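# Descriptive structure summary
Chain by chain, the residues:
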Amino acid sequence: MSVLNKNWNVNELQFGENGLIPVIVQNYESGEVLMLAYMNFEAAEKTIETGYAHYFENGVVDTYGANFGNTQKVMSAFTADGGKTLLIKVWQNGTADPNGKTFSCFNKQIKGNYNDIGGEMFGRLQRIVAEYKKNPEDGGYTSFLFARGVDRIGKKVGEEAVELVIAAKNEGKEGVINEAADLLYHVTVLLESKGVKLSEVCAELCKRNR
């Protein structure tokens, strides 16, 4: 798979006999696959010109989510099969599901379990935590932490870090898993309280890796 140039152009894509190219859409931050869509030449051109995803559907080229108020800002794009398939990573505003019920169109799991989620869970957790910050829930623990502020959240991060170290000194890994989950959750709440996104932290790690 190749990465498209920063100033990519439509000539880098190969459209099929039906004039379309399949587009896999992935959430930029969490890595969740959001949907499978199609672009024709016009849709690809408008996507490149505006920076927002346009698709060809039912004979019409339109901005993603025009009918239900959502947008997908294209952050990066990749091609496969010599330009015959396109993968775009987007900042999604709203949901990929046109019914507005789920973040991703792939909302029904038919095989596997939560262990298959892997790193995607961090992005999903961030979205859930952000929602509690935006819409507090009476009696909810996350809402309680936000109401108490950074000092309280920071104290919990410190406590959970110590508990993780203690668990690591014991036999077995179940305690480590549980305490690590507690720590990562509280770190996510702390980041959200400061308006820091996971992608920003990952970008810093990538910078250090260079």
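This report concerns the structure included in the present document. (Residues numbered from 1 in each chain as written. Predicted model: local features only at pLDDT ≥ 70, side-chain atom pairs only at ≥ 80, totals over all residues. Heavy atoms only, no water.)

Turning our eyes to something else, we now look at the overall build of the protein. The secondary structure content of the protein amounts to 6 helices and 7 strands. Secondary structure elements of the protein occur, N-terminal to C-terminal, as β-β-β-α-β-β-β-β-α-α-α-α-α. Referenced to the eigenvectors of the C-alpha coordinate spread, the extents of the protein come out at roughly 60 × 40 × 35 Å. When each of the 210 residues of the protein is scored for burial, the buried share is 34%. Put simply, of all contacts in the protein between residues at least 6 apart along the chain, 51% involve residues at least 24 apart. Of the roughly 13,300 Å² that the protein leaves accessible, carbon and sulfur atoms contribute 52%. Side chains of the protein carry 23 positive and 27 negative charges; the gap between the two charge centres is 4 Å. (Helix = DSSP H or I, 4+ residues; strand = E, 2+ residues; numbered from the N terminus. Buried < 20%, exposed > 50% of the residue type's maximum accessible area, 1.4 Å probe, protein only. Contact = heavy atoms within 4.5 Å. Areas by Shrake-Rupley, 256 points an atom, 1.4 Å probe, with all protein chains shown as cover. Lys, Arg positive; Asp, Glu negative; His and termini not counted. Charge placed at Lys NZ, Arg CZ, Asp CG, Glu CD.)

Looking now at the nonpolar core. Membership of the largest hydrophobic core comes to 24 residues, with the highest contact counts inside it found for Val 23, Val 25, Met 35, Met 39, Tyr 55, Leu 86 and Ile 88. Residue assignment for this core shows that the elements contributing at least two residues are strand 2 (21-27), strand 3 (33-39), helix 1 (41-50), strand 6 (71-80) and strand 7 (85-93). For this core, the leading source of residues is strand 3, giving 4 residues. Among residues more than four places away in sequence, those in contact with Ile 88 are Val 23, Ile 24, Val 25, Gln 26, Met 39, Ala 53, Tyr 55, Val 74, Ser 76 and Ala 77. Of all hydrophobic cores here, the second largest spans 7 residues; its members include Leu 145, Phe 146, Ile 153 and Tyr 185. (Core = buried A, V, L, I, M, F, W, Y, C linked by side-chain atoms within 4.5 Å.)

So, on to a nonpolar patch on the surface. Taken together, the side chains of Ile 24, Val 33, Leu 36, Tyr 38 and Phe 106 make up a nonpolar region of the molecular surface, amounting to roughly 460 Å² of accessible area. Of the residues forming the nonpolar patch, the biggest block, 3 residues, is contributed by strand 3. (Patch = residues over 30% accessible without salt bridge, like charges linked within 9 Å, V, L, I, M, F, W, Y side chains within 5 Å. Salt bridge = Lys/Arg side-chain N within 4 Å of Asp/Glu carboxyl O.)

Our next topic: the side chain of Asn 27. Locating Asn 27 in the fold gives a position in strand 2. Judged by its relative accessible area of 7%, Asn 27 is buried. In this structure Asn 27 touches Glu 32, Leu 34, Val 90, Gln 92 and Phe 103, once residues within four positions along its chain are discounted.

With that settled, the discussion passes to the packing of helix 4 (residues 150-168) against helix 5 (residues 174-193). Contact geometry for helix 4 and helix 5: axes closest at 8 Å, N-to-C directions at 160 degrees. Comparing their axes, helix 5 and helix 4 come out roughly antiparallel. Like other packed secondary-structure pairs, helix 4 and helix 5 cross with a definite hand, here left-handed. Across the interface between the two elements, Val 150, Ile 153, Gly 154, Lys 156, Val 157, Glu 160, Ala 161, Glu 163, Leu 164, Ala 167 and Ala 168 from helix 4 touch Gly 175, Val 176, Glu 179, Ala 180, Asp 182, Leu 183, His 186, Val 187, Val 189, Leu 190 and Ser 193 from helix 5. Residues that form the contact of helix 4 with helix 5 fall into these classes: 13 nonpolar, 4 polar and 5 charged. (Axes fitted to C-alpha atoms, helices over the stretch in contact; angles between N-to-C directions. Parallel < 35°, antiparallel > 145°, perpendicular 65-115°, else oblique. Left-handed = near helix turned anticlockwise from the far one by under 90°. Nonpolar A, V, L, I, M, F, W, Y, C, P; charged D, E, K, R; others polar.)

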